[in-house]
Amino acid sequence: MVLGAGVGEDDLAAMFYTGGTTGRSKGVMLTHRNLIANAFHKALAVRIDTDDVVPGRAGVVPRGRHRSLHALCWRGATTVVQPSFDPAGALDLIERHGVTFAIPVPTMLAALVDEQQRQPRDVHTLRLLGHAGSPIAGDVLRRAHETFPGAELAHFYGATETCSIVTHLMHEERVLGTPLQGSCGTPGAGVQVAIVDPDGVPVPTGEVGEVIVRGLNVMAGYSRNDAATRDALREGWFHTGDLGRLDTDHNLFVVDRAKDMIVTGGENVYSVEVEDVLARHDAVAEVAVFGLPDERWGEAVHAVVVTRPGVTGDDALKDHCRASIAGYKVPEQIELRTEALPKSGPGKVLKRALRDETTRRTAG
């Protein structure tokens, strides 16, 4: 493919930065080949057509949305812009312009659900409501389906380094309450996904290991960071740092970030599982779970919960957890807050900031 005088498909086309939720942000070098591969994946998965109207701001959908512009232009779709995200403004935009699909991060999707329940808008044009960027609680999915019953739900899994889509699960509303709930779906066209142990050896089907990805969508490397590039790109595979498993139909289930997994008393606790249980309680508006140093157990499970009005203690939340998960997974402490959790620009909860803040406070 010749793009122009002296420009090839493997040349640098754009630079995007990682969210910095687990460490310092890194510059991701994406090539023309990466961007075209992503446009192909988006157009196929979402079925983009000339009649589609899509929000055009990182505050409405994740940073991968900017990379979607190639697919939208390719198919002749329309983009409308919201300067910054707020749920009321986003729903007004959908109603005013007849938006047909949007792919927010889970925290934004939850905010859209709350706002639509508070003050309903005419959103009949919305044919697809996806989510991407971080794990989502099952309760948010259930409420989204109840609130936007005419929209197809979809789960998209990927990373800045994979130029967005790795896997996708369409019609997610059809698998609620089934073993497929929580799955990220199957790989996009031309994308390979494998699960490996710490030595890079593939694990048996159904076992948890690190998710690695190979395909035309995988980045060229990190800008001015050779050490991080060598660590992430090994033998043609991108090592995501996510822990997951594959079922017999090659559906991917991401269980946690490797850096967010808690080891307490020699047992692995996946923070996402505990968050999902807590999110089912009516009193919980937002939740983040992480490990704190513990002299006896190595790490202790700690939860920070943003509560809805009327909550005065954490005993009910601990009892709620005990009814659904093993005792060693129940948070030792549940910190109750009324203010929103800290988030990155794309809307991901900053667990690292919460962990550091809590560690400093307890140490003092």
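Quick note: structure is the one above.
Residues numbered from 1 in each chain as written. Predicted model: local features only at pLDDT ≥ 70, side-chain atom pairs only at ≥ 80, totals over all residues. Heavy atoms only, no water.

Novice: Would you explain unusual backbone geometry in this entry?
Specialist: Trans is the prevailing form of peptide bonds, just as negative phi is the prevailing case for residues other than glycine. At C163, a position not held by glycine, the phi torsion is positive, near 50 degrees. The topology assignment puts C163 in the loop between β9 (152-159) and β10 (164-169). Of note in this structure, R224 is not a glycine but carries a positive phi near 55 degrees. Among the structural elements, R224 can be located in the loop between β14 (221-222) and α6 (226-232). The exposed category is assigned to R224, whose relative accessible area is 86%. (Helix = DSSP H or I, 4+ residues; strand = E, 2+ residues; numbered from the N terminus. Buried < 20%, exposed > 50% of the residue type's maximum accessible area, 1.4 Å probe, protein only.)

Novice: How should the state of the cysteines be read in this particular structure?
Specialist: Note on terminology: disulfide describes a covalent bond linking the sulfur atoms of two cysteines. Inspection of the entire model under this criterion finds zero disulfides. With no disulfide of its own, C163 lies closest to C73 among cysteine sulfurs, the gap being 14 Å. (Disulfide = S-S within 2.5 Å.)

Novice: When you look at the packing of aromatic side chains in this model, what are you seeing that I'm missing?
Specialist: The description of an aromatic ring pair rests on the distance of the ring centres and on the angle between the ring planes. One pass over the structure, following the stated rule, counts zero aromatic pairs. Directly above the aromatic system of Y222 lies the positively charged group of K26, at a separation of 5.1 Å from the ring centroid. Positioned over the ring face of F253 is R245, at 4.1 Å from the centre of the ring. (Phe/Tyr/Trp six-rings, centres within 6.5 Å; stacked < 30°, edge-to-face > 60°. Lys NZ or Arg CZ within 6 Å of the ring centre and 35° of its normal.)

Novice: Would you take a moment to explain the environment of H155 for this structure?
Specialist: By secondary structure assignment, the location of H155 is in strand β9. Along the primary structure H155 and L109 are separated by 46 residues, whereas in three dimensions their C-alpha atoms are 12 Å apart. Leaving out residues up to four positions away in the same chain, H155 has contacts with H131, T167, H168, L169, E172, S183 and C184. Among the polar contacts made by the side chain of H155, one reaches the main-chain carbonyl oxygen of S183 at a distance of 3.2 Å. (Contact = heavy atoms within 4.5 Å. Polar contact = N/O pair within 3.5 Å; in protein donor to acceptor, adjacent residues only side chain to side chain.)

Novice: Please explain the sheet that holds β14 as it appears in this structure.
Specialist: Strand pairing in a sheet is mediated by backbone hydrogen bonds. Such pairs are either parallel or antiparallel. Taking strand neighbours across the sheet as the criterion, the three strands line up as β3-β4-β14 in an open arrangement whose pairing is antiparallel. The strands lining the two open edges of the sheet, one partner per strand, are β3 (12-17) and β14. Of the strand pairs in this sheet, strand β4 (residues 27-31) and β14 are connected by two bridges, and their pairing is antiparallel. Of the residues in β14, the one forming a bridge with V28 is Y222. Lying on the sheet, helix α1 (residues 32-46) is in contact with β3 and β4; it crosses β4 at an angle near 80 degrees. (Pairing = 2+ DSSP bridges. Axes fitted to C-alpha atoms, helices over the stretch in contact; angles between N-to-C directions.)

Novice: Just checking my understanding: could you explain the pairing of strand β21 (residues 298-307) for this structure?
Specialist: Every regular strand shows the same layout, with side chains that alternate between the two sheet faces. Of all ten residues that make up β21, eight are buried, and the element is covered over most of its length. Two successive antiparallel strands, strand β20 (residues 284-294) and β21, enclose a turn made up of three residues. Two strands pair when backbone bridges link them, and β21 and strand β22 (residues 333-337) are joined in this way by five bridges, in the parallel orientation. Across the sheet, residue A303 finds its bridge partner in β22, namely I334.

Novice: Can you help me understand the packing of helix α4 (residues 106-118) against helix α5 (residues 138-147) in this one?
Specialist: Packing of α4 against α5 brings their axes to within 10 Å, and their N-to-C directions diverge by 40 degrees. On the basis of the axis angle, α4 is oblique to α5. By crossing handedness, the relation of α4 to α5 is classed as left-handed. Contacts between α4 and α5 involve L109, A110, V113, D114, Q116 and Q117 from the first element and V140, R143, A144 and T147 from the second. A class-by-class count of the residues in the contact of α4 with α5 yields five nonpolar, three polar and two charged. (Parallel < 35°, antiparallel > 145°, perpendicular 65-115°, else oblique. Left-handed = near helix turned anticlockwise from the far one by under 90°. Nonpolar A, V, L, I, M, F, W, Y, C, P; charged D, E, K, R; others polar.)

Novice: Honestly, the nonpolar core in this entry has me stumped. Any pointers?
Specialist: Grouped burial of nonpolar side chains is what soluble globular proteins tend to show. Within the largest apolar cluster, 40 residues are counted, with the highest numbers of intra-cluster contacts made by L129, F148, L278 and V289. Those elements that provide at least two residues to this core are α3 (87-97), α4, α5, α7 (271-279), β20, β21 and α8 (315-322). If near-sequence neighbours (up to four positions away) are discounted, L278 is found in contact with V284, V287, V289, A303, V305, L317, H320, C321, P331 and I334. One finds V166, C184, Y222 and F238 within the second-largest nonpolar core, a separate group that totals 24 residues. (Core = buried A, V, L, I, M, F, W, Y, C linked by side-chain atoms within 4.5 Å.)

Novice: What's the story with the sheet that holds β21 in this structure? I'm lost.
Specialist: Reading across from one edge, β20-β21-β22 is the order of the three strands in this open sheet, with mixed pairing throughout. If you trace the sheet from one side to the other, it starts and ends with β20 and β22, each paired once. Strand-to-strand, the axes of this sheet are offset by a mean angle of 20 degrees, without reference to chain direction. Where β20 meets β21, ten bridges bridge the pair, whose relative direction is antiparallel. Looking across to β21, one finds that V287 is bridged to V305. Lying on the sheet, α8 is in contact with β20, β21 and β22; it crosses β22 at an angle near 130 degrees.

Novice: Would you mind showing me how to read α1 here?
Specialist: In an α-helix, one full turn covers 3.6 residues, which means residues spaced three or four apart are oriented alike. Helix length check: α1, at 15 residues, gives a terminal C-alpha distance of 21 Å against a target of 21 Å (1.5 Å per residue), a fit within 8%. Listing the buried residues of α1 in full gives N34, L35, A37, N38, A39, H41, K42, A43, A45 and V46. Just downstream of α1 lies R47, where phi reads positive at about 60 degrees. (Expected span 1.5 Å × (residues − 1).)

Novice: Help me understand α7 in this model?
Specialist: The element α7 is largely enclosed, with a buried count of eight among its nine residues. For α7, every residue scored as buried is listed here: S271, V272, V274, E275, D276, V277, L278 and A279.

Novice: Just to check I follow, could you spell out the environment of E95 for this structure?
Specialist: Tracing the sequence through the fold places E95 in helix α3. According to the relative accessible area criterion, E95 is partly exposed, its value standing at 41%. Between the C-alpha atoms of E95 and I325, which are 230 residues apart in sequence, the distance is 41 Å. For E95, the residues in contact, after removing those within four places along its chain, are R121 and D122. Reaching out from E95, the side chain makes a polar contact with the backbone nitrogen of D122 at a distance of 2.9 Å.

By themselves these figures say nothing about function.
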